[in-house]
Amino acid sequence: MAKIGAVIVAAGLSSRMEAFKPLLPFEDSTISKHIVELLIQSGIDPVLVVTGYRGDELEAHLANTGARFLRNEKYRETQMFDSIKMGIEAIADECDRIMLMPVDTPAITSKTFRQVAAVDADMVRTTYGGEPGHPIMLKVDVARALCCYTGDRGLRGAMESSGYTITNVNVHDCGVNWDVDTKEQYQALIGWNYRRWRGYPIHPHAGTRLNVQRRSRMCLRTIISWFGSRKRIEG
């Protein structure tokens, strides 16, 4: 059975969001912790988080999840693909395949991770509604080859110019296309996630109603407080 690891890129400044995206509330946790734990529960190991901006804070937040960390100290002057290459190089010797994704795609389901993991191909890319999404999965020799790409189109450019075939996997999961770069996108994601049964902003697990309500109020206060403070500043 192929051993699959994952690289989650979380080194950026979150400048368009005007808040630190990895620590924003999502379901019963945060964006970063939710995606790390979902990958681990899906049998992905190792899960490596490439940190940078506010790296100490994020690593402390994820310390008990089982994730590993790699710091991109040059996060202010490098691109996402540079962090991806660092992550690939760090875990390539331990894996047969590597999943790649940014940290701000928390709505992807475990079913999608399992569906991607089941495909034996050089390069696997999810699609929804004809649009490419995350995660992307590469065989390790392909991942190493892509690290030699020197163009300016990032991972997508590296994949499309590599000569390897991209196998698109159509999934019934619009979360593969849903990242959050602005506060408006985040608000929309939280509302949509509630409508698709997964809680606002948490999932109401059976038998834990009181705890869920308490945590929900705490998460909602965090969201309201942040957006309220931004409104006062911007107003």
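Residues numbered from 1 in each chain as written. Predicted model: local features only at pLDDT ≥ 70, side-chain atom pairs only at ≥ 80, totals over all residues. Heavy atoms only, no water.

### Some details on the pattern of salt bridges
- Summed over the entire model, instances satisfying the criterion amount to 14 salt bridges.
- As a salt-bridge pair, aspartate 104 and lysine 21 come within 2.9 Å of each other at their nearest N and O atoms. Separated by 83 residues along the polypeptide, aspartate 104 in the loop between strand E6 (97-102) and helix H4 (110-117) and lysine 21 in the loop between strand E1 (4-10) and strand E2 (25-26) bring together distant segments of the chain.
- For arginine 71, the salt bridge identified is with glutamate 59, shortest N-O distance 2.9 Å. (Salt bridge = Lys/Arg side-chain N within 4 Å of Asp/Glu carboxyl O. Helix = DSSP H or I, 4+ residues; strand = E, 2+ residues; numbered from the N terminus.)

### Here we look at the nonpolar core
- Of all hydrophobic cores here, the largest spans 28 residues; its most connected members are Ile8, Val36, Leu39, Val49, Met99 and Phe113.
- Contributing elements (two or more residues each) for this core: E1, helix H1 (31-41), strand E4 (47-51), E6 and H4.
- Discounting chain neighbours no more than four positions away, the residues touching valine 49 are Ile8, Ala10, Val36, Leu58, Leu62, Ala67, Arg68, Phe69 and Leu70.
- Counting 24 residues, the second largest nonpolar core, distinct from the first, contains Val7, Ile136, Leu146 and Cys147. (Core = buried A, V, L, I, M, F, W, Y, C linked by side-chain atoms within 4.5 Å. Buried < 20%, exposed > 50% of the residue type's maximum accessible area, 1.4 Å probe, protein only. Contact = heavy atoms within 4.5 Å.)

### Re the confidence of the model for the protein
- Here the protein averages 86 in pLDDT, and 83% of its residues register 70 or above.
- Ignoring residues within four places in sequence, the model shows residues 202-224, a span with pLDDT below 50, making 28 contacts including any to other chains.
- With pLDDT under 50 throughout, residues 229-235 is counted as low confidence; its partners more than four residues away or in other chains account for 4 contacts. (pLDDT = per-residue confidence, 0-100.)

### Looking at the environment of alanine 11
- Summarising the element assignment, alanine 11 is placed in the loop between E1 and E2.
- Under the relative-accessibility criterion, alanine 11 is labelled buried at 5%.
- Alanine 11 sits 41 residues away from glycine 52 along the chain, and the two C-alpha atoms are 4.0 Å apart.
- Apart from the residues lying within four places of it in its own chain, the contact partners of alanine 11 are Val50, Thr51, Gly52, Tyr53, Asn72, Tyr75 and Ser83.

### Remarks on the pairing of strand E5 (residues 68-71)
- Examined bridge by bridge, E4 and E5 share 4 bridges and lie parallel to one another. Pairing of leucine 48 across the sheet is with arginine 68, part of E5.
- The handedness of the E4 to E5 crossover, carried by helix H2 (residues 55-61), is right-handed. (Pairing = 2+ DSSP bridges. Right-handed = clockwise from strand over helix to strand, strands pointing away.)

### Remarks on unusual backbone geometry
- Residues aspartate 45 and proline 46 are joined by a peptide bond in cis, for which omega reads 5°.
- By secondary structure assignment, the location of proline 46 is in the loop between H1 and E4.
- A cis amide bond, omega 0°, links histidine 134 with the succeeding residue proline 135.
- Along the chain, proline 135 falls in strand E8 (residues 131-139).
- At glutamate 18, a residue that is not glycine, the phi angle is positive and equals roughly 65°.
- As for its placement among the helices and strands, glutamate 18 is situated in the loop between E1 and E2.
- For arginine 54, which is not glycine, the phi torsion reads 55° and is therefore positive.

### Considering the packing of aromatic side chains
- Evaluation of the coordinates by the stated rule reveals 4 aromatic pairs.
- Centre to centre, the rings of tryptophan 178 and tryptophan 192 are 4.7 Å apart; their planes meet at 35°, and the pair counts as tilted. Of this pair, tryptophan 178 sits in the loop between strand E9 (166-170) and helix H7 (183-198) while tryptophan 192 sits in helix H7, and the two are 14 residues apart along the sequence.
- Among the residues examined, tryptophan 192 registers a relative accessible area of 15% and is labelled buried.
- Following the ring pairs from residue to residue traces out a cluster consisting of Phe20, Tyr53 and Tyr75. (Phe/Tyr/Trp six-rings, centres within 6.5 Å; stacked < 30°, edge-to-face > 60°.)

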